[in-house]
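# Fold and geometry: a report
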Amino acid sequence: MPNVVIVQARMTSTRLPGKVLEEVAGATVLAHVLTRCAAIPGIDIVCCAVPEGPEQEPVAAEAEACGAVVARGSEYDVLDRYYTAARDLDADVIMRVTSDCPLIDPGLCGEVLAALLADPKADYAANNFVHRFPHGLDCEAFTWSAMDRDWREASEPYDREHVTPWLRRAPGIKRISLEGPSEELGKLRWTLDYPEDLEFCRALFPLLGAGIPSWKETLRVCEENEGISALNAMRRQR
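Throughout what follows, the structure given in this document is the object of discussion. (Residues numbered from 1 in each chain as written. Predicted model: local features only at pLDDT ≥ 70, side-chain atom pairs only at ≥ 80, totals over all residues. Heavy atoms only, no water.)

### Some details on the side chain of Q8
Position of Q8 among the secondary structure elements: in strand β1 (residues 3–8). Its relative accessible area of 17% is what places Q8 among the buried residues. A distance of 2.9 Å separates polar atoms of two side chains, one belonging to Q8 and the other to R96. Apart from residues no more than four positions distant in its own chain, Q8 is found in contact with A49, V78, R81, Y82, R96, V97, T98, S99 and V163. (Helix = DSSP H or I, 4+ residues; strand = E, 2+ residues; numbered from the N terminus. Buried < 20%, exposed > 50% of the residue type's maximum accessible area, 1.4 Å probe, protein only. Polar contact = N/O pair within 3.5 Å; in protein donor to acceptor, adjacent residues only side chain to side chain. Contact = heavy atoms within 4.5 Å.)

Structure, rendered in structure tokens:
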């Protein structure tokens, strides 16, 4: 049974509609995310889970062009969208990444996945129980049995929309936390929600060079170009 990374994506983002198809350094935001997800050690399949509806087809087409498997489902019951995609792909372990994270680090995701796989009793692992990595490096991994229980038992609209809150608090779920270096790093915004975040990405990506840099290399570039992080600093939410 495969280990599957599922990336949720849609055209109808509230704050920045169509953000996943915005171009950054010659590729769409979604292409950057899916390319990085394909490089996660231990992942067998990359799936892009999009809502049903004709307005979402540009996202589905871009995901297919990037080589991802496309799954369709409910726009607002995202938990059901994940569950259906994982079930149809016969997933053993599911990793969750969101499409607004073009700087997602395959190596860091691999560490979260490895932490889950190393403990046969573990159900769930994440790197954002405490905010000690830049916002935009967040990832989670969970077993199929945990996903199935989440889907069957989570009933609150918030839990259905955000996929994993139930897993993060439910009794009987063994959780693993991969913690980052510092709370100061956790205040940095490397995610895409606002026009200022897009400006940040467009300023940063040309400086990263070829290949997929680690988050530490990305941090070094940000520190050497201090004005870049100031571009979206007013949007810090943590």
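### Observations concerning the sheet that holds strand β4 (residues 45–51)
Pairing between the strands of a sheet is mediated by backbone hydrogen bonds and can be parallel or antiparallel. In spatial order, the strands read β5-β4-β1-β6-β8-β7-β9; together these seven strands make up an open sheet with mixed pairing. Single-partner strands in this sheet number two, and they are β5 (69–73) and β9 (175–177). Neighbour to neighbour, the strand axes of the sheet diverge by 25° on average, direction disregarded. Here helix α3 (residues 78–88) sits on the sheet in contact with β1, β4, β5 and β6 (93–98), set at roughly 145° to β1. Of the strands in this sheet, β1, β6, β7 (124–126), β8 (140–143) and β9 are in contact with helix α4 (residues 106–118), which crosses β6 at around 150°. (Pairing = 2+ DSSP bridges. Axes fitted to C-alpha atoms, helices over the stretch in contact; angles between N-to-C directions.)

### Details of the environment of I176
Topologically, I176 is positioned in strand β9. Separated by 31 residues in sequence, I176 and L207 have C-alpha atoms that sit 34 Å apart. Excluding anything up to four places from it in sequence, I176 contacts A115, L116, D119, A122, Y124, A125, A126 and F129.

### Here's the deal with the environment of D123
In this fold, D123 is placed in the loop between α4 and β7. Sequence-wise, D123 and S229 are 106 residues apart; in three dimensions their C-alpha atoms are separated by 35 Å. Among all residues touching D123, those that are not within four sequence positions of it are L116, A141, F142, T143, A146, G172, I173 and K174. A polar side-chain atom of D123 sits 2.7 Å from the main-chain amide nitrogen of K174.

### A short note on the pattern of salt bridges
By the definition in use, this model includes 20 salt bridges. Of the charged contacts in the structure, one is a salt bridge between D88 and R87, with a shortest N-O distance of 3.1 Å. The exposure class of R87 is partly exposed, given its relative accessible area of 44%. Residues K187 and E184 are paired through a salt bridge, measuring 2.9 Å at the closest nitrogen-oxygen approach. Residue classification places K187 among the partly exposed residues on the basis of a relative accessible area of 37%. Owing to a relative accessible area of 53%, E184 belongs among the exposed residues under this scheme. Taken together, the shared-partner salt bridges connect R15, K19, D100, R189, D193 and D197 into one network. (Salt bridge = Lys/Arg side-chain N within 4 Å of Asp/Glu carboxyl O.)

### A short note on the packing of aromatic side chains
Two descriptors summarise a pair of aromatic rings, namely the distance from one centre to the other and the angle between the planes of the rings. Within this structure, the stated rule accounts for five aromatic pairs. Judged by centre distance (3.9 Å) and plane angle (5°), the rings of Y83 and W151 are stacked. You can see Y83 sitting in helix α3 and its partner W151 sitting in helix α5 (residues 144–153), a full 68 residues away along the chain. Assessed through its relative accessible area of 9%, Y83 is described here as buried. Both rings, one in F133 and one in W215, keep their centres 5.4 Å apart while their planes meet at 85°; by these two values the pair is edge-to-face. Note that F133 is positioned in the loop between β7 and β8 and W215 in helix α9 (residues 215–224), a separation of 82 residues in sequence. Among the aromatic residues, those joined into a cluster by ring pairs are Y83, W144 and W151. Here the basic side chain of R168 rests over the ring of F129, its NZ or CZ set 4.5 Å away from the ring centre. The cationic tip of R235 hangs over the ring face of Y194; the distance from NZ or CZ to the ring centre is 3.9 Å. (Phe/Tyr/Trp six-rings, centres within 6.5 Å; stacked < 30°, edge-to-face > 60°. Lys NZ or Arg CZ within 6 Å of the ring centre and 35° of its normal.)

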